[in-house]
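# Coordinate inspection notes
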Amino acid sequence: MCGRTACTLGPDDICNACSYKDSNGEWAKPKWKDAPGGAQYYPSYNIPPSAYTPVILSGKHFGDETVERFVMPMCWGLVPSWHKGDPKTVAHNLNNCRRETMLEKPSFRHAFSKGRRCVVVADGYVNMNNGLLLCLLSGLGVYEWYQFRFK
């Protein structure tokens, strides 16, 4: 389980690094989409749970047929769709998902069954249990849409 990630690239560099072959076999870049509510992503070597970090999402999730993939900052920490109340009370408890048990846990099972999967973009992560820094290009994630209610 990781306790911190690193993503040091800016939005333009992330989109360039995440180029892919589209359905026509042509090279394409995902389009950057700002986070809802004006939340910001800041490149960092020390991104904790509850911070905004970039993920790659299918354009189908936004009903956009013109763009196959988007990169969008999302808050690290799943807030289940059925949660009521302050989302900050849940996010730290659900910041990691194990593939072995994700279909057994109601919090993750619903998002996974609805096809709400994403790719988490990162330069690396730190395992806080043993202080091990590992490099990776991306990780897999699940997400829910949660509408924040501001007072």
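Residues numbered from 1 in each chain as written. Predicted model: local features only at pLDDT ≥ 70, side-chain atom pairs only at ≥ 80, totals over all residues. Heavy atoms only, no water.

## Describing helix α2 (residues 106–113)
Among the residues of α2, Ser107, Phe108 and Ala111 are the ones counted as buried. For α2, the angular spread of buried residues about the axis comes to 80 degrees, placing them on one side. Looking one or two residues past α2, Gly115 carries a phi angle of roughly 80 degrees, positive in sign. (Buried < 20%, exposed > 50% of the residue type's maximum accessible area, 1.4 Å probe, protein only. Helix = DSSP H or I, 4+ residues; strand = E, 2+ residues; numbered from the N terminus. Arc of directions from axis to C-beta.)

## Side note on the nonpolar core
Cys7, Ile14, Cys15, Cys18, Tyr41, Ile47, Ile56, Val71, Trp76 and Val121 together form the largest nonpolar core, which totals 10 residues. Filtering out sequence-adjacent residues up to four positions away, Val71 remains in contact with Ile14, Cys15, Pro30, Lys31, Trp32, Lys33, Pro54, Val55 and Ile56. Formed by five residues, the second largest nonpolar core is a distinct cluster that contains Val55, Leu57, Met74 and Cys118. (Core = buried A, V, L, I, M, F, W, Y, C linked by side-chain atoms within 4.5 Å. Contact = heavy atoms within 4.5 Å.)

## Considering the packing of aromatic side chains
Under the defined criterion, the tally for this structure stands at two aromatic pairs. An angle of 45 degrees between the planes, with centres 6.1 Å apart, marks the rings of Trp32 and Tyr41 as tilted. For Trp32, a relative accessible area of 21% corresponds to the partly exposed category. Note on Tyr41: relative accessible area 7%, which makes it buried. Ring geometry for Phe62 and Phe70: centres 5.0 Å apart, planes at 75 degrees, overall edge-to-face. If you follow Lys33 out to its NZ or CZ, it ends over the ring of Phe70, 5.4 Å from the centre. Over the aromatic face of Tyr20 sits the side chain of Arg69, whose NZ or CZ is 4.1 Å from the ring centroid. (Phe/Tyr/Trp six-rings, centres within 6.5 Å; stacked < 30°, edge-to-face > 60°. Lys NZ or Arg CZ within 6 Å of the ring centre and 35° of its normal.)

## Quick notes on the side chain of Thr5
Secondary-structure assignment places Thr5 in strand β1 (residues 4–7). Each residue touching Thr5, except ones within four places of it in the same chain, is listed here: Tyr45, Asn46, Ile47, Thr53, Trp76, Ala122, Gly124 and Tyr125.

## Considering the environment of Trp82
Looking at where Trp82 falls in the secondary structure, it is placed in the loop between β7 (69–75) and α2. Separated by 25 residues in the primary sequence, Trp82 and Ser107 have C-alpha atoms spaced 8.7 Å apart. The contact partners of Trp82, leaving out residues within four places of it in the chain, are Pro106 and Ser107.

By themselves, these are just geometric observations and shouldn't be taken as functional.
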